[in-house]
Amino acid sequence: MMPLRSSLLGAGLLAVAASTHATEGVLDIVAPWEVGSTDPSKAGYVYTRLQIGETLVEVDNQGHPQPSLAESWTVSDDQLSWRFALRPGVRFHDGSPLTAEVAAKALQLALAKPGMLTEAPIAAITAEGDELLIRLNSPFAPLPALLAHSSAQILAPASYNEAGEATQVIGTGPYRIEQLQMPQKLTAVAFNDYWGEAPAIEQISYLAAGRGETRALMAESGDADIVFTLDPASQARLQRNNRLSVHSEPIPRTVTLKVNAGHPFLAEPEARRALSLALDRTGMAVALLRTPEAAANQLFPPSLTDWHLSEVAGAERDLEQARALLAGLGWQADGKGMLSRNGEPFKLTLTTFADRPELPLLATAMQDQLRELGVELTVNVTNSSEIPAGHRDGSLQLGLMARNFALVPDPLGTLLQDYGPEGGDWGAMNWQSPRLGEILQQLLAHTDGETLASLRREAAGILHQQLPVIPVAWYQQTAAVSSKVEGFSIDPFERNYRVSEMRWAQ
């Protein structure tokens, strides 16, 4: 019988892992995501996470834009022209200089491909002296956030072929690629001419391992120094290992219950509020996710400080209030506690998918919890495509899913997709708020900090009161880190592994 570890890794992955095991001076990182391409539009996130490629704009832990390859920027009074002053003295890994012309060409190529830049009303990207100029057709305040997206990283001219596809990754980051074996492995070394502070760790290795059990075993055996994305069972086990530290950080992704607000049982906000109150979020976070702080009392997690409503109370369950709300809508319980109104039983179908293994578990728990309220829930575990399909043909009643609000650091882009007049595949269904629509458009035009803060809070409040989607849990990014490594931290926006801030323990 094949040993457990070999059967989990598979022959090919085991061979790759073994080649990196216990290599002195090399920081071995293992994560689920394959290196599927050298083009930023397809796999740019790998290269920004490993600090190989950089963007004009960085973000801090709250998602606020910060200088990177652009050391400053200004916007015209009409908000249609943005000027980015490039950092002087920056060189690519092939020794060529970063200029405004080079940056403009890289962004022009990014704009021509599927990616976040296409969300902005960009009329032209040009170079003017040492500045990069982006002209817009209409105001778009979140432009710096889009420029922080990995698909907008700036690569050297030699990275691209004649068709504009990046066939190699020649970036400006503190690490340069030494060897790339797609889709599994990448090795990189410190770039001696980096414009910023030189990293303490000189060599890194990245390995893609899709199975959570595999990654956990590699952390335990020493095949990896840092392992990202732990399943709940492995996380609990690794916490007992004195050679490892386990880190957990909330990230801007939320498990939500998408609600068909056009369904006669779900049209009233009170009905949606009752379903929300009947959920035992804390119990599910503890028992299923094994992360008590994952219980979501609102849509936006604390990591999105500009959108998170700090005054909202906790995520406690309140069946008594839930029953009172439904009674006020005419629902009555029979002898078994099941609800009906005008002869119709309160029956709904919840659709979810197994791509994220926690979703079916959460759905089953919610089925039991809503039955206590008197609601009969049928759980349909199918393909993730069935949720947007059910949105479009009107057949979806409830959909359990995960929504990422950090595709760009500013959640506004996601909200525009999800809560516009027609709703969105992963957002509102048969629900709209004229006031929310006004706010989202105002957020596109305003740059004043106080005005933005007020508008964001109002938008978050509308979503919290109306519940077009019901928040269930906040995702936590997890990592197991060897005691050999110091200075580790998790980027809540999952843009950067921050390897340059780490060092070997003394």
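Q: How do you make sense of the overall build of the protein chain when you look at a structure like this?
A: Along its length, the protein chain carries 15 helices and 21 strands. Relative to the 2.2 N^0.38 estimate, which gives 23 Å for 506 residues, the radius of gyration of the protein chain is 24 Å and therefore close to what a compact globule would have. Along the first, second and third principal axes, the C-alpha set of the protein chain runs to 75 × 70 × 40 Å. Taken over 506 residues, the protein chain has a buried fraction of 54%. Considering only residue pairs separated by 6 or more positions, the protein chain has 69% of its internal contacts joining residues 24 or more positions apart. Approximately 21,100 Å² of the protein chain is accessible, and the part contributed by carbon and sulfur atoms is 48%. Put simply, the protein chain has 38 plus and 58 minus side-chain charges, and the middle of one group is 5 Å from the middle of the other.

Q: What should I look at first to understand the environment of T126 in this one?
A: Within the element layout of this structure, T126 appears in strand 6 (residues 122–128). Of the residues examined, T126 reaches a relative accessible area of 31% and is grouped as partly exposed. When the C-alpha positions of T126 and R371 are compared, they lie 60 Å apart, and in sequence the two are 245 residues distant. Excluding residues that lie within four positions of it along the chain, T126 makes contacts with A104, E131, L132 and L133.

Q: Sorry, what's going on with helix 15 (residues 449–466) here?
A: Along an α-helix, residues three or four positions apart point the same way, because every turn accommodates 3.6 residues. For helix 15, which comprises 18 residues, the first-to-last C-alpha distance of 26 Å matches the rise-based estimate of 26 Å (1.5 Å per residue) to within 8%. Listed in full, the buried residues belonging to helix 15 are L452, L455, R456, A459, A460, I462, L463 and H464. Among the structural elements, helix 8 (269–277), helix 13 (412–418) and helix 14 (434–445) are those in contact with the buried residues of helix 15. One or two positions beyond helix 15, positive phi appears at L467, with a value near 50 degrees.

Q: I tried to follow the pairing of strand 19 (residues 469–482) on my own but got confused; where do I start?
A: Regular strands place their side chains on alternate faces of the sheet. Counting buried positions along strand 19 gives 14 out of 14 residues, so the element sits mostly inside the fold. Sheet topology note: the strand 12 (residues 244–259)/strand 19 ladder contains 12 bridges and is antiparallel. In the strand pairing of strand 19, S248 is matched with T478.

Q: I tried to follow the sheet that holds strand 18 (residues 398–404) on my own but got confused; where do I start?
A: For sheets, the rule is that strands pair by backbone hydrogen bonds, running either parallel or antiparallel. With mixed pairing, 10 strands are arranged side by side in an open sheet as 8-9-10-1-11-19-12-18-16-17. The open sheet has two edge strands, strand 8 (175–181) and strand 17 (376–382), and neither has a second partner. Direction aside, neighbouring strands of the sheet carry axes that sit 25 degrees apart on average.

Q: Is there a simple way to explain the packing of helix 14 against helix 15 in this structure?
A: When two helices pack together, their arrangement is given by the angle between the helix axes and by the axis-to-axis distance. Two elements in contact, helix 14 and helix 15, have axes separated by 10 Å at closest approach and are oriented at 150 degrees. In terms of their interaxial angle, helix 14 and helix 15 are classed as roughly antiparallel. Pair helix 14 / helix 15 crosses with left-handed handedness. Residue-level inspection shows R435, L436, I439, Q442 and L443 of helix 14 in contact with helix 15, the latter providing L452, L455, R456, E458, A459, I462 and L463. A breakdown of the residues in the contact of helix 14 with helix 15 according to their chemical character gives 8 nonpolar, 1 polar and 3 charged.

Q: Would you mind going over the pairing of strand 5 (residues 81–86) with me for this structure?
A: Counting buried positions along strand 5 gives 5 out of 6 residues, so the element sits mostly inside the fold. Bridge count for strand 4 (residues 70–75) against strand 5 is 5 bridges, and the pairing is antiparallel. Its bridge partner lying in strand 5, W73 is registered against F84. Taken together, the 5 bridges between strand 5 and strand 7 (residues 131–136) define a ladder with antiparallel strand orientation. Following the sheet pairing, W82 is matched in strand 7 by I134.

Q: Even after reading the chapter, I still don't get the environment of R356, so can you show me in this structure?
A: For R356, the location among the structural elements is in the loop between strand 16 (347–353) and helix 11 (358–373). With relative accessibility at 29%, the residue R356 sits in the partly exposed group. Distance in space between the C-alpha atoms of R356 and S384 is 9.6 Å, their sequence separation being 28 residues. Once residues lying within four places of it in the same chain are set aside, the contact partners of R356 are R253, A402 and Y475.

Q: Explain the sheet that holds strand 5 here, please?
A: One open sheet accounts for 4 strands, arranged 4-5-7-6; its pairing is antiparallel. Here the strands that pair on one side only, and so sit at the sheet edges, are strand 4 and strand 6. If you compare each strand with its neighbour and ignore which way they point, the axes differ by 20 degrees on average.

Q: Whenever I open this one, the layout of surface pockets confuses me. Can you help?
A: With a probe scaled to a water molecule rolled over the atoms, the places where space remains empty come into view. In this structure, the second largest pocket occupies an estimated 490 Å³ of space. Along the walls of the second largest pocket sit 22 residues, with Q51, E58, V59, N496 and E501 positioned nearest its centre. Breaking the lining of the second largest pocket down by element, the ones donating at least two residues are strand 2 (57–59) and strand 3 (65–67). A breakdown of the residues in the lining of the second largest pocket according to their chemical character gives 5 nonpolar, 9 polar and 8 charged.

Definitions and cut-offs
Throughout this description, residue numbers start from 1 for each chain and increase along the sequence as written. Since the coordinates come from a predicted model, pLDDT governs what is reported: local features require at least 70, and pairs of side-chain atoms require 80 or more to be given and counted, while whole-chain, interface and lining totals use all residues. Side-chain metrics in this entry use all non-hydrogen atoms of the structure; hydrogen atoms and water are not considered. Secondary structure is summarised from DSSP: a helix means a run of H or I of at least four residues, a strand means a run of E of at least two, and numbering begins at the N terminus for each. Values of the radius of gyration come from C-alpha atoms, whereas the globule rule sets the reference at 2.2 Å times the count of residues to the power 0.38. The buried label applies to any residue whose accessible area, calculated with a 1.4 Å probe on protein chains only, is under 20% of its type's maximum; exposed applies above 50%, and partly exposed to all values in between. Residue contacts are counted whenever heavy atoms from the two residues lie within 4.5 Å of one another. Reported accessibility uses the Shrake-Rupley method at a 1.4 Å probe radius. Residues are deemed covered only where the shown protein chains occlude them. Charge convention: Lys and Arg are scored as positive, Asp and Glu as negative, and His as well as the terminal groups of each chain are ignored. We put the charge of a Lys on NZ, of an Arg on CZ, of an Asp on CG and of a Glu on CD. Expected helix span is given by 1.5 Å per residue-to-residue step, counting one fewer step than there are residues. Note on pairing: two strands pair once DSSP finds at least 2 bridges between them. Orientation is described by axes fitted as lines to C-alpha atoms, over the contacting stretch for helices, and by angles from 0 to 180 degrees between their N-to-C directions. Orientation categories follow fixed angle ranges, with anything under 35 degrees roughly parallel, anything over 145 roughly antiparallel, 65 to 115 roughly perpendicular, and all other angles oblique. Note on convention: the crossing is left-handed when the near helix lies turned anticlockwise from the far helix by less than a right angle, right-handed when the turn is clockwise. Amino acid classes used here: Ala, Val, Leu, Ile, Met, Phe, Trp, Tyr, Cys and Pro are nonpolar; Asp, Glu, Lys and Arg are charged; the rest, including Gly, are polar. Cavity and pocket criteria rest on a 1 Å grid covering protein atoms alone: a 1.4 Å probe that fits but cannot get out defines a cavity, protein on both sides within 12 Å along at least 5 of 7 lines defines an open pocket, and an atom within 4 Å of a point defines a lining residue. Grid points are joined across faces, edges and corners, and a volume is the space filled by probe spheres set on the points.

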